[in-house]
Amino acid sequence: MRTVYVNGEYLPETEARVSIFDRGFLMADGVYEVTSVLDGKLIDFDGHARRLERSLRALDMAMPVSEEELLAIHRELVARNGIDEGMVYLQVTRGAPGDRDFVFPDPDETPQTLVLFTQDKPGLADSPAAKKGIRIISIDDIRWGRRDIKTVQLLYPSMGKMMAKAAGVDDAWMVEDGLVTEGTSNNAYIVKGNRIITRGLSNDILHGITRAAVLRFAREAQMEVEERAFTIDEAKAADEAFITSASTFVMPVVEIDGVALGGGSPGKVAPRLREIYLEESRKAAI
Ligand code: PDD
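Predicted model, so just to flag it, every value in this text is computed and none were measured. (Residues numbered from 1 in each chain as written. Predicted model: local features only at pLDDT ≥ 70, side-chain atom pairs only at ≥ 80, totals over all residues. Heavy atoms only, no water.)

Peer 1: I'm lost on the pattern of salt bridges in this one. Help?
Peer 2: Opposite charge on two side chains permits pairing when their charged atoms draw close. Counting across every chain of the model gives 27 salt bridges. In this structure, the salt-bridge partner of E182 is R143, at a minimum N-O distance of 2.9 Å. You can see E182 sitting in strand 9 (residues 179-183) and its partner R143 sitting in the loop between strand 7 (134-140) and helix 5 (155-166), a full 39 residues away along the chain. The class of E182 is buried, set by a relative accessible area of 4%. Residue K192 is joined to E234 by a salt bridge in which the shortest nitrogen-to-oxygen separation is 2.8 Å. With K192 in strand 10 (residues 187-192) and E234 in helix 7 (residues 232-236), the pair connects residues that are 42 residues apart, well separated along the chain. (Salt bridge = Lys/Arg side-chain N within 4 Å of Asp/Glu carboxyl O. Helix = DSSP H or I, 4+ residues; strand = E, 2+ residues; numbered from the N terminus. Buried < 20%, exposed > 50% of the residue type's maximum accessible area, 1.4 Å probe, protein only.)

Peer 1: Before we go on, may I ask you to explain the side chain of T3 in this structure?
Peer 2: For T3, the location among the structural elements is in strand 1 (residues 3-6). Judged by relative accessible area, which is 17%, T3 ranks as buried. Aside from chain neighbours lying at most four places away, what touches T3 is Y10, L11, L77, R80 and N81. (Contact = heavy atoms within 4.5 Å.)

Peer 1: Whenever I open this one, helix 8 (residues 269-284) confuses me. Can you help?
Peer 2: Because each turn of an α-helix spans 3.6 residues, side chains separated by three or four positions end up pointing in the same direction. Taking 1.5 Å per residue, 16 residues should reach 22 Å; helix 8 reaches 22 Å between its end C-alpha atoms and fits that length. By the burial criterion, the buried members of helix 8 are V269, A270, L273, R274, I276, Y277, L278 and S281. (Expected span 1.5 Å × (residues − 1).)

Peer 1: What exactly am I supposed to notice about the side chain of D141 here?
Peer 2: Among the secondary structure elements, D141 is positioned in the loop between strand 7 and helix 5. For D141, a relative accessible area of 7% translates into the label buried. At 2.9 Å, the side chain of D141 and the side chain of R143 are in polar contact. There is a polar contact of 2.6 Å between the side chain of D141 and the side chain of T181. (Polar contact = N/O pair within 3.5 Å; in protein donor to acceptor, adjacent residues only side chain to side chain.)

Peer 1: Would you mind showing me how to read the packing of helix 2 (residues 45-58) against helix 3 (residues 67-80) here?
Peer 2: To describe two helices that pack against each other, one gives the angle between their axes and the distance between the axes. The contact between helix 2 and helix 3 brings their axes to 11 Å, and the two run at 125 degrees. Put simply, helix 2 runs oblique to helix 3. Regarding helix 2 and helix 3, the two cross each other, and that crossing is right-handed. Between helix 2 and helix 3, the residues in contact are F45, D46, A49 and L52 and E67, L70, L71 and H74, respectively. In terms of residue class, the contact of helix 2 with helix 3 is built from 5 nonpolar, 1 polar and 2 charged. (Axes fitted to C-alpha atoms, helices over the stretch in contact; angles between N-to-C directions. Parallel < 35°, antiparallel > 145°, perpendicular 65-115°, else oblique. Left-handed = near helix turned anticlockwise from the far one by under 90°. Nonpolar A, V, L, I, M, F, W, Y, C, P; charged D, E, K, R; others polar.)

Peer 1: Would you mind showing me how to read a nonpolar patch on the surface here?
Peer 2: Together, I20, F21, F25 and L26 line one region of the surface with nonpolar side chains, adding up to about 400 Å² of accessible area. Locating L26 in the fold gives a position in helix 1 (residues 23-27). Taking the relative accessible area as the measure of exposure, L26 reaches 32% and is therefore partly exposed. (Patch = residues over 30% accessible without salt bridge, like charges linked within 9 Å, V, L, I, M, F, W, Y side chains within 5 Å. Areas by Shrake-Rupley, 256 points an atom, 1.4 Å probe, with all protein chains shown as cover.)

Peer 1: I would appreciate a short explanation of the sheet that holds strand 1 in the present structure.
Peer 2: Adjacent strands of a sheet pair through backbone hydrogen bonds, lying either parallel or antiparallel. With antiparallel pairing, 6 strands are arranged side by side in an open sheet as 2-1-6-5-3-4. Looking at which strands have only one partner, the edges of the open sheet turn out to be strand 2 (9-12) and strand 4 (41-42). The sheet contact formed by strand 1 and strand 6 (residues 113-120) spans 2 bridges and is antiparallel. Its bridge partner lying in strand 6, V6 is registered against V115. This element, helix 3, spans strand 1, strand 2, strand 3 (30-38), strand 4, strand 5 (86-93) and strand 6 of the sheet and lies at about 35 degrees to strand 6. (Pairing = 2+ DSSP bridges.)

Peer 1: Quick question: what am I supposed to make of the site of the ligand here?
Peer 2: Every one of the 20 residues lining the ligand counts as a neighbour, but Y32, R51, E182, I209 and T210 are closest to it. Here an oxygen atom of the ligand and a backbone polar atom of I209 are 2.8 Å apart. Protein burial of the ligand: of its 480 Å² of free accessible surface, 89% is covered by the chains. Going through the elements one at a time, strand 3, helix 2, strand 9, helix 6 (209-220) and strand 13 (240-245) are the ones with two or more residues in the shell around the ligand. Across the shell around the ligand, the residue classes break down as 5 nonpolar, 11 polar and 4 charged. (Near = heavy atom within 4 Å.)

Peer 1: Just checking my understanding: could you explain the pairing of strand 11 (residues 195-198) for this structure?
Peer 2: Residues in a regular strand project their side chains so that they alternate between the two faces of the sheet. Examined bridge by bridge, strand 10 and strand 11 share 4 bridges and lie antiparallel to one another. Bridge assignment links Y189 to a residue of strand 11, and that residue is T198. In sequence, strand 10 turns back onto strand 11 through a hairpin of 2 residues, with G193 there showing a positive phi of about 60 degrees. Assessed by its sense of winding, the connection that carries the chain from strand 11 through helix 6 to strand 12 (residues 224-227) is right-handed. (Right-handed = clockwise from strand over helix to strand, strands pointing away.)

Peer 1: I tried to follow the packing of helix 6 against helix 8 on my own but got confused; where do I start?
Peer 2: For the pair helix 6 and helix 8, the least separation of the axes is 10 Å and the interaxial angle reads 110 degrees. Considering their axes alone, helix 6 and helix 8 lie roughly perpendicular with respect to each other. Residues T210, A213, V214, F217 and A218 of helix 6 lie in contact with helix 8, whose contacting residues are L273, I276, Y277 and E280. Here the residues of the contact of helix 6 with helix 8 are counted per class, giving 7 nonpolar, 1 polar and 1 charged.

Following this line, the structure appears as structure tokens:
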């Protein structure tokens, strides 16, 4: 049984409790982070902690504990649960004011809720999907306008994954005004020759921590990076496509809306970026 963390306590998962009045539960008034674990160490912890602080600030919330304390909790959970490869999920909500009310509670009277748990995923880095590539469909992006805040409002991304499942494929890319925003739980890229194209940062997409690292490694490897939006038609005509996230790292996309890319197998760029990302991230893991 997993040991989880809730508001200062390490508990067996069956004994962990959050109030029914918690605003995360009633209003999706909370933010989250997913940090991957390789070799029992945290990948890009600083980036995730910084983004957490940014998400919280955008919603008028403070960090519930210091970054050092957060790191200590992550490490303690990884150790107690014996995680070699997997993830740490963290969620902060505006707490449980003891009743339902749209108005934010006074933070001095209502402490935030802080929950963390681990997910054990042996073989995460050596995933068979990364060798085969994944297939995606495009769907309308009907989410709200602050996708740069990592809130727990994940109903539409969940529905997107279900639409992909119903279509017999692996995932979906979302399209707004004719342009791809991002994947349901990842950032989206296409490759033309030596050039990697991905949407620029704005309120329209989550500022992926994996994205930042991968673009840095790509530039260091003398690849060209173009940060601009692209259409699904442009993606279907690309040499390669891929996604990035903390849970998939770099994952080749080999089919978009039924159109095979590169004959339906991963090309050169995405697998190479995955290799570099995993190697560099392992070196920098803490
Ligand atoms: N999802 N875009 C969206 C909408 C996401 O939900 C995520 C991450 C990303 C990639 O961000 P990062 O590289 O920092 O993981 C982009 C996480 C993994 C999740 O919801 O499980």
